Amino acid sequence: MKKVLAAVLAGGALLTAGTPALAQASAQAGAQTTAKTTLGPYGYGKVRLGMSEKQAKATGQIVLKMPGEEGSCSGWDLKAHPSGKNAVGLYISKKKGVALIGAPKGVKTPEGIGIGSTMKQIKKAYPNVKTPKDGFPYVSVPGNPKAYYALLVSKGKIYELNLLLNSQDCVN
């Protein structure tokens with residue numbers, strides 16, 4: 001499932017229930033990041049993987065961008081990091097809660113990996129990184145066995161970084 005996800009995210013294919021693909025959210029994200037905010041192991045800022053839509057909205061850190069259709073996921077942005085037209089910064093599943101959070105520009109994982117990191121840096125930070133033959137690298141999140149990072153790489157550098165629930169049902 002993980003290798004298919006990366007291929008779908010990178011290829012701009014449609015997601016379940018007709019929702020548009022997650023575009024390169026971080027490329028157009030705002031630059032208002034704080035040095036202490038990281039992506040992972042459980043979320044970003046006050047937004048945590050698995051939170052219900054109601055809980056995530058109560059943080060005051062997200063804004064609805066794309067309502068979910070019957071049984072599908074809704075697309076949201078982090079208020080401080082708008083993702084631009086035809087993109088979202090996170091997905092919330094009706095069943096699983098916050099299922100995917102995209103890294104805003106300048107934000108890194110606790111291990112120091114972010115947009116622009118090289119494969120050499122990724123392998124040093126995550127020795128167990130897996131790269132499927134027909135997909136992009138992914139790795140289990142240290143400290144959170146229920147999540148993984150999808151590392152979309154081109155020309156040896158990350159251009160999109162996502163934190164996802166292992167059991168997410170928003171992208172395929």
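Just above, that's the structure.
The sections below set out a description of the structure shown in this document. This one's a predicted model, so the numbers in the text were calculated from it and none came from an experiment. (Residues numbered from 1 in each chain as written. Predicted model: local features only at pLDDT ≥ 70, side-chain atom pairs only at ≥ 80, totals over all residues. Heavy atoms only, no water.)

**Some points on the packing of aromatic side chains**
To keep it simple, the criterion reads: To pair, rings of Phe, Tyr and Trp, with the six-membered ring standing in for Trp, must have centres within 6.5 Å; the planes then decide the type, stacked if under 30 degrees apart, edge-to-face if over 60, and tilted in the middle. A run of H or I in DSSP counts as a helix once it spans at least four residues, and a run of E counts as a strand once it spans at least two, with each numbered from the N terminus. Only protein chains enter the calculation, and the probe is 1.4 Å; a residue is then buried if its accessible area is under 20% of its type maximum, exposed if over 50%, and partly exposed in between.
Summed over the entire model, instances satisfying the criterion amount to three aromatic pairs. Aromatic side chains Phe136 and Tyr159 sit 6.5 Å apart centroid to centroid with 85° between the ring planes, which places their arrangement in the edge-to-face category. Residue Phe136 is located in the loop between helix H3 (119-125) and strand E7 (138-141), and its partner Tyr159 is located in strand E9 (residues 157-165); the two are separated by 23 residues in the primary sequence. Look at Phe136 and you get buried, because its relative accessible area is 18%. Aromatic pair Tyr138 and Tyr148: ring centres 6.3 Å apart, planes at 80°, arrangement edge-to-face. Here Tyr138 is found in strand E7, whereas its partner Tyr148 is found in strand E8 (residues 144-154), with ten residues between them in sequence. Tyr148 carries the same exposure label as Tyr138, and that label is buried.

**Some words on the pairing of E7**
Test applied: Think of it this way: DSSP has to see at least two bridges between two strands before they count as a pair.
Across four bridges, E7 lies against E8 in antiparallel orientation. The residue bridging Tyr138 from the neighbouring strand is Ala150, located in E8. As consecutive antiparallel partners, E7 and E8 are separated by two residues, and within that stretch Gly143 has a phi angle of approximately 90°, a positive value.

**Quick notes on the pattern of salt bridges**
Counted only if it meets this: Counted as salt bridges are all cases of a side-chain nitrogen of Lys or Arg within 4 Å of a carboxyl oxygen of Asp or Glu.
Across all of its chains, the model carries one salt bridge by this definition. Between Asp77 and Lys65 there is a salt bridge whose closest N-O contact spans 3.1 Å. Note that Asp77 is positioned in strand E4 (residues 74-78) and Lys65 in strand E3 (residues 62-66), a separation of twelve residues in sequence. Exposure remark for Asp77: the relative accessible area of 4% places this residue in the buried category. Its relative accessible area of 33% is what places Lys65 among the partly exposed residues.

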